[in-house]
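Now for the letters of each chain:
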Amino acid sequence: MHIVSSDLAPVTRALLRDDVHARLRDAIVDGTLAPGEQLRDGELAERLGVSRTPVREALLELARAGLITATPGRSTVVAPIDPTAIRDAQSVVGAMHALAMRTAVPRLTTGDLDAMRAANAAFAAAQHSGDVDAALAADERFHRVALVASGNAAAVAVIAQYEPVLRRVERRRFASREGAASAARHDQLIVLCAAGDADGAARLAEQTWQSLALPPAPTDNGPTEQDPA
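**Section: the environment of Ala121**
Within the fold, Ala121 resides in helix α5 (residues 110–129). Note on Ala121: relative accessible area 48%, which makes it partly exposed. Distance in space between the C-alpha atoms of Ala121 and Asp187 is 9.4 Å, their sequence separation being 66 residues.

The following block contains the structure:
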């Protein structure tokens, strides 16, 4: 396992399971922990500066989300990016975002719409400059506006569990020309929200996640051309 202190910086205070979970989840999503990489709870605990207990609990949560594969009595590894898992997560996450959007639209304020516009402007700028991490962060801020406005804690919890599976693929999307299409969909979603079209916004929100496709992996003959936006 190739983890250095700059990737998963040790912490000096005890971390709750959620903190450890977030660090490991983010390391898997950004590729610090690569598909197929073996995860040893003792080594992770040492790097994070915690006991093995919160690490083991976090690994169980990550396994339930499909980000790691655990074989009892054998090994725990980072899960591959699997098309079936992606399709399953798309169905669930898309449906939950549609549900939240349908509830949120009548509640959105002028400030909420401004926050969505600002987040999308930041997203477009980050995507244009090739800053994938900033693009992912801005995209999350954009979608969070409606999730918060919906007040649906159950939908938020389900999305939090399965969305990281899709974030691994989104990194590829935002690093390609297809990322520009995401900014255009965000703009269209803002228009629908501003017009009070809850059903239209819900449909587009779900389509946004359903449009996420697993791009072909690069080959030894060179990088594979991405589909045009």
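**Notes on the nonpolar core**
Core analysis: the largest hydrophobic core is formed by 25 residues, its most contacted members being Leu24 and Leu59. Contributions of two or more residues to this core are made by α1 (17–29), α2 (41–48), α3 (52–65), α4 (83–104) and α7 (153–174). Each residue touching Leu59, except ones within four places of it in the same chain, is listed here: Leu24, Leu39, Asp41, Leu44 and Ile68. With 19 residues, the next largest nonpolar core counts Met101, Ala104, Phe142 and Ala146 among its residues.

**Considering the packing of α5 against helix α6 (residues 132–150)**
The angle between the axes and the distance between the axes are what describe a pair of packed helices. The interhelical angle for the contact between α5 and α6, taken along N-to-C directions, is 160°, at an axis separation of 8 Å. Considered as vectors, α5 and α6 are oriented roughly antiparallel to each other. Of the two elements, α5 crosses α6, and the hand of that crossing is left-handed. For the pair α5 and α6, the contacting residues are Asp112, Ala115, Met116, Ala119, Asn120, Ala122, Phe123, Ala126 and Gln127 in the first and Ala134, Ala135, Ala138, Asp139, Arg141, Phe142 and Val145 in the second. Tallied by class, residues from the contact of α5 with α6 come to 11 nonpolar, 2 polar and 3 charged.

**Observations regarding the environment of Arg25**
You can see Arg25 is positioned in helix α1. Look at Arg25 and you get partly exposed, because its relative accessible area is 24%. What Arg25 contacts, discounting residues up to four positions off in sequence, is Leu62, Leu67 and Pro164.

**Brief notes about the packing of α4 against helix α9 (residues 198–210)**
Close contact between α4 and α9 brings their axes to 8 Å; oriented N to C, the two are set at 160°. Between α4 and α9, the interaxial angle falls into the category roughly antiparallel. Our pair here, α4 against α9, has a crossing hand that is right-handed. Here Gln90, Ser91, Val93, Gly94, Ala95, His97, Ala98, Met101 and Arg102 of α4 come into contact with α9, specifically with Ala198, Asp199, Ala201, Ala202, Ala205, Glu206, Trp209 and Gln210. Across the contact of α4 with α9, the residue classes break down as 9 nonpolar, 5 polar and 3 charged.

Parameters at a glance
- Residues numbered from 1 in each chain as written.
- Predicted model: local features only at pLDDT ≥ 70, side-chain atom pairs only at ≥ 80, totals over all residues.
- Heavy atoms only, no water.
- Helix = DSSP H or I, 4+ residues; strand = E, 2+ residues; numbered from the N terminus.
- Buried < 20%, exposed > 50% of the residue type's maximum accessible area, 1.4 Å probe, protein only.
- Core = buried A, V, L, I, M, F, W, Y, C linked by side-chain atoms within 4.5 Å.
- Contact = heavy atoms within 4.5 Å.
- Axes fitted to C-alpha atoms, helices over the stretch in contact; angles between N-to-C directions.
- Parallel < 35°, antiparallel > 145°, perpendicular 65-115°, else oblique.
- Left-handed = near helix turned anticlockwise from the far one by under 90°.
- Nonpolar A, V, L, I, M, F, W, Y, C, P; charged D, E, K, R; others polar.

All we've got here are geometric facts, nothing functional implied.
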